[in-house]
Structure formats: C-alpha cells, structure tokens
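Breakdown of the fold
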Amino acid sequence: MRLKPFVPLMLPLKEQIVNQLEFIRELIEANKGIVEYQTMLRNSKLHPQFLLRPVMLKEAVQSTKIEGTQVTLDEVMEAEVQTKKANKDIQEALNYYEALMEGMDALKSIPISTRLFKLMHKILLSNNVRGSNRSPGEFRRIQNFLGPEGCTIETATYIPPEPQLVNDYMSNLEKYINDPQDDYDELVRVAIIHAQFETIHPFLDGNGRIGRILIPLYLYNKGVIDYPNFFISDVLERDKHKYYRYLNDTRYKGDWTQWIKFFLECISIQAKKNVRLIEEVNKLYEEDLERASSIVNSSNIRTVIDVMFQRPIFTAKTMSDLTGLSEGTIRRYLNKLEDQRIIFSDGRIRFKTYYYYNLLDKLR
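The numbering scheme is per chain: residues are counted from 1 as the chain's sequence reads. Selection of residues for local features in this predicted model requires a pLDDT of at least 70, selection of side-chain atom pairs for listing and counting requires 80 or more, and totals for whole chains, interfaces and linings are taken over all residues. The basis for every side-chain value is the complete set of heavy atoms in the structure, and neither hydrogens nor water enter the calculation.

The protein chain carries the name Cell filamentation protein Fic in an unreviewed UniProt entry, which gives Parageobacillus thermoglucosidasius as its organism.

Right, let's talk about the packing of helix α2 (residues 48–66) against helix α3 (residues 73–81) for a bit. Contact geometry for α2 and α3: axes closest at 9 Å, N-to-C directions at 120°. By the angle between their directions, the pair α2 and α3 is classed as oblique. Pair α2 / α3 crosses with right-handed handedness. From α2, Arg 53, Pro 54, Leu 57, Lys 58 and Val 61 reach across to α3, where they touch Leu 73, Val 76, Met 77 and Glu 80. To obtain each axis, a line is fitted to C-alpha atoms, and for helices this fit is confined to the stretch in contact; angles are then taken between N-to-C directions over 0 to 180 degrees. Only DSSP runs of H or I covering at least 4 residues are called helices, and only runs of E covering at least 2 are called strands; the numbering of each starts at the N terminus. With respect to orientation, any angle under 35 degrees is reported as roughly parallel, any angle over 145 as roughly antiparallel, any angle of 65 to 115 as roughly perpendicular, and every other angle as oblique. Take the far helix as your reference; a near helix turned counterclockwise from it by less than a right angle gives a left-handed crossing, and one turned clockwise gives a right-handed crossing. Residues count as neighbours in contact if any of their non-hydrogen atoms are within 4.5 Å of one another.

This part takes up the domain arrangement of the protein chain. Split by domain assignment, the protein chain resolves into domain 1 (17–273) and domain 2 (295–361). Boundaries between domains were set according to an automatic or database domain assignment. On a C-alpha basis, the centroid separation for the pair domain 1 and domain 2 is 34 Å. Listed by partner, the interface residues are eleven residues for domain 1 and 13 residues for domain 2. Interface area, domain 1 with domain 2, both sides summed: about 1100 Å², of which 62% is carbon and sulfur. Buried area is calculated as the accessible area (1.4 Å probe) missing from two parts once they are joined, with the contributions of both summed. Considering only the surface of domain 1 that becomes buried against domain 2, Phe 50, Arg 53 and Val 81 emerge as the three largest contributors, covering 44% of it.

Another aspect to go through is the environment of Leu 165. Take Leu 165: it is sitting in the loop between α5 (114–124) and α6 (166–178). The sequence separation of Leu 165 and Tyr 184 amounts to 19 residues, and the corresponding C-alpha distance is 26 Å.

In this section: the packing of α5 against helix α8 (residues 207–221). At a minimum axis separation of 11 Å, α5 and α8 run at an interaxial angle of 125°. Between α5 and α8, the crossing angle belongs to the class labelled oblique. The two elements α5 and α8 cross, and the hand of that crossing is right-handed. Contact residues: Leu 116, Phe 117, Met 120, His 121 and Leu 124 in α5; Arg 209, Ile 210, Ile 213, Leu 214 and Leu 217 in α8. Classifying every residue of the contact of α5 with α8 by side-chain character gives eight nonpolar, one polar and one charged. Three classes are used, and their members are as follows: Ala, Val, Leu, Ile, Met, Phe, Trp, Tyr, Cys and Pro are nonpolar, Asp, Glu, Lys and Arg are charged, and the others, Gly among them, are polar.

Time to look at the sheet that holds strand β2 (residues 344–345). A sheet is described by the order of its strands in space; here three strands give the open sequence β1-β3-β2, paired in antiparallel fashion. Because the sheet does not close on itself, it has two edges, and the strands there are β1 (313–315) and β2. Pairing geometry for β2 and strand β3 (residues 353–355), over two bridges, is antiparallel. Looking at β3, one finds that Ser 345 is bridged to Tyr 354. Most of the contacts of α3 go to β1, to which it runs at about 20°, and overall it touches β1 and β3. Between any two strands, at least two bridges found by DSSP are needed for them to pair.

So, about the pattern of salt bridges. Put simply, a salt bridge is a Lys or Arg side-chain nitrogen that is within 4 Å of an Asp or Glu carboxyl oxygen. Under the criterion given, the structure shown has 22 salt bridges. One salt bridge connects Glu 92 with Arg 130, and the closest N-O pair in it is separated by 2.8 Å. Of this pair, Glu 92 sits in helix α4 (residues 88–106) while Arg 130 sits in the loop between α5 and α6, placing them 38 residues apart in sequence. Accessibility here uses a 1.4 Å probe with only protein chains present; expressed as a share of the type maximum, an area under 20% marks a residue as buried, one over 50% as exposed, and anything in between as partly exposed. Take Glu 92: its relative accessible area is 3%, and that puts it in the buried class. Its relative accessible area of 41% is what places Arg 130 among the partly exposed residues. Among the charged side chains, a network of salt bridges with common partners joins Asp 89, Glu 92, Arg 130, Asp 205 and Arg 209.

The next subject is the packing of aromatic side chains. Any Phe, Tyr or Trp ring, taking Trp's six-membered ring, that has another such ring centre within 6.5 Å forms a pair; planes under 30 degrees apart are called stacked, those over 60 apart edge-to-face, and the others tilted. Under the definition given, this model contains 17 aromatic pairs. Aromatic side chains Phe 139 and Phe 203 sit 5.2 Å apart centroid to centroid with 55° between the ring planes, which places their arrangement in the tilted category. One end of the pair, Phe 139, is in the loop between α5 and α6; the other, Phe 203, is in the loop between α7 (186–200) and α8, with 64 residues separating them in the sequence. Summarising the burial analysis for this pair, Phe 139 and Phe 203 share the class buried.

Below, the discussion takes up α3. With seven of nine residues buried, α3 is to be regarded as a mostly interior element. Buried residues of α3: Leu 73, Asp 74, Val 76, Met 77, Glu 78, Ala 79 and Val 81, and no others. Buried residues along α3 sit against α2, α4, β1, α13 (316–323), β3 and α15 (357–363).

Another aspect to go through is α8. Three- or four-residue spacings in an α-helix give side chains the same orientation, since the helix completes a turn every 3.6 residues. A helix is expected to span 1.5 Å multiplied by its residue count minus one. Between the first and last C-alpha of α8 there are 20 Å, a value that for 15 residues agrees with the 21 Å anticipated at 1.5 Å per step. In terms of residue burial, α8 counts as a mostly covered element, since 13 of its 15 residues are buried. Two residues or fewer after α8 comes Gly 223, characterised by a positive phi angle close to 80°.

See below:
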C-alpha cells in the first residue's frame, strides 16, 4: 500500500507522548558522560581549539559516510594540503566541514533558524557535488520520499510532509528550538529536534547531514558544551539501520520514547569515546613534545607540535604559514623529526606531504 505524505505533530510534544521514566537511567548516564568530557577538555594539556579541527573533519567523514560516500579521513586531509582536485566524495566531506564552521561562526550573530539552515545547506551542496542541482539553500517546493536505493514513491519507506507545509513546520521547529515551552532536559530536546528536522525533510538533498550538524550546534548554543565538537555521527554510522528504524517509529508508531532512549545511548557511547581520546591525546602530546624538544633545540618546536595536532597531514608550506616560521627553518625541523620517525613523508622531492601517524591512528 502506498504511503501518503506524513503529517507530523507540532512541537512541543504533549507530555503523554514521551515516557521519561523509560529513559531516566540513559539520561543520567548521557549527562554524566558530557560533564566528564567537558571536564577533561577544560583540563587538557592541549588547548581544545587544537583538536577542534581534526575532530570536525572526522565528523565530516562519518556523517557523509552515512549517506553512502566512500572516503577516509586521510584522503580529506590530503586534499586540503595538496594541489590536486578533490573528487566528489572528498568534496562532500570538505563541504560538510565548511558548513559546520560557517554554522558555528554564524551563531555569534544569528539564532538557530531557517536563515542558518539555508546558509549551511548552500555550502553543503556547493562545488559541484552530488545534489548541487537540487536547490541549494532553499526549502523544497516538490514532494520528496525516502527508501532503499532505486525505490519509487510507491515503494518508499517514508514520504515527508507536502511541500506547501514545509515553511509552517520549520517555523514551528525554529520557535521550539529558541523557546521550547516544555520541561525536558536539553539532551532530550535535541533528540526531539533532530528527529523533527529529519521528519520535515525540508530540503531536496542533504537533510541528514544538516540535521546531524544541528546536534552539536544546538548543544553549544545552549551552553551544554563549550565547543561545538560533540558529534555522534560515528555512533550513528555504526548503527545506521537502527537509527533509521527508530526515526521512522516516531512517525508511524508514535514511539518517541524508544528513539530518545537510543539517542541518549549514542551520546553516552560517544562521550566515553571522547574521554578516551582526550586521555590518549594528552599523553601523546606530552611524550612527543618532550621527544621533539630533545631533537630540535628551539622553543619554536612547541608551536610546530601544536600545529601538527591541528593538522596531522601537512606540507612545509602549510606549517610555515601556520607557525610564522620560514620554510627553510621548518624544513630543517621536519627533516630532524622525520629522521627520528616522529613524522613520515611521502618521499617526494617537491611538494612533500608529511604524516603525523601517532595522532592519525587515534583519530581514525
């Protein structure tokens, strides 16, 4: 039987729709995990801003992977520093990163809103990637549908609301984000917001990615996290069929409780992974800074190591630009670090690319 375009509930949800007792343990665990992660970041030997970039690039890779792209973190970082043109999968990940950065920057002057969604969406579908001809930066004016690759509207697993209703639903979502009028914890709210955004499916393409960018931006905007660097695409990608099923259950079964429970579990898993990463990165930073300082007798080596933690794949020119040191000085330093196997290179004579595998191994 063919599905009809779905008619979502307006937000806020009525109290009886969500049974908070069903996920109270998961909510406590998720909040505990976020607090532990925030504490670790604040006490980190490495400035949180240094890790922001590689973690955001990793998120870009994981979120685009859910949509079917085949790309690795190394390939995305290589494309940034090398002159060769990025393929479409790599460009999609780079667009995601740019949309995330623009969204974070825009929050200084505008709220989470239709304007912000459209701004990020335009960037997401720029540079001739797949979907670049599907109204970048504009809400859809035609009916869309979701389902397995190759499905038709007759065999779709979900048909979003009719296009003429999109503006009303997005206005309601925007109002809920900025003035929720309910008593839910912010982690429960962001679960509801993400699901509602995906249910409205306001764009012709890129809805999943914009909806996942919305998660850290919302938590950052509400002061739950200090930096918009808490991403759950890694966990969602691992359980993507469960992710899609529970989202669909909020629509056709009205089961918001199970979805919220699953979302909170994802937050807890990701928080634990983040805490382990910060612990490992702190240890690595101390060890490799000490090693590098014994190899290169200059106070500038700390600046070089700091840049390596922001850009674990780099060229001498990149390093020179970011440290302010001359390329000649940088090359001398890098030769010494490569001799001692702290970094490795591709061996080229010109435009040599360096790899800081000690960090890459922890990020992958």
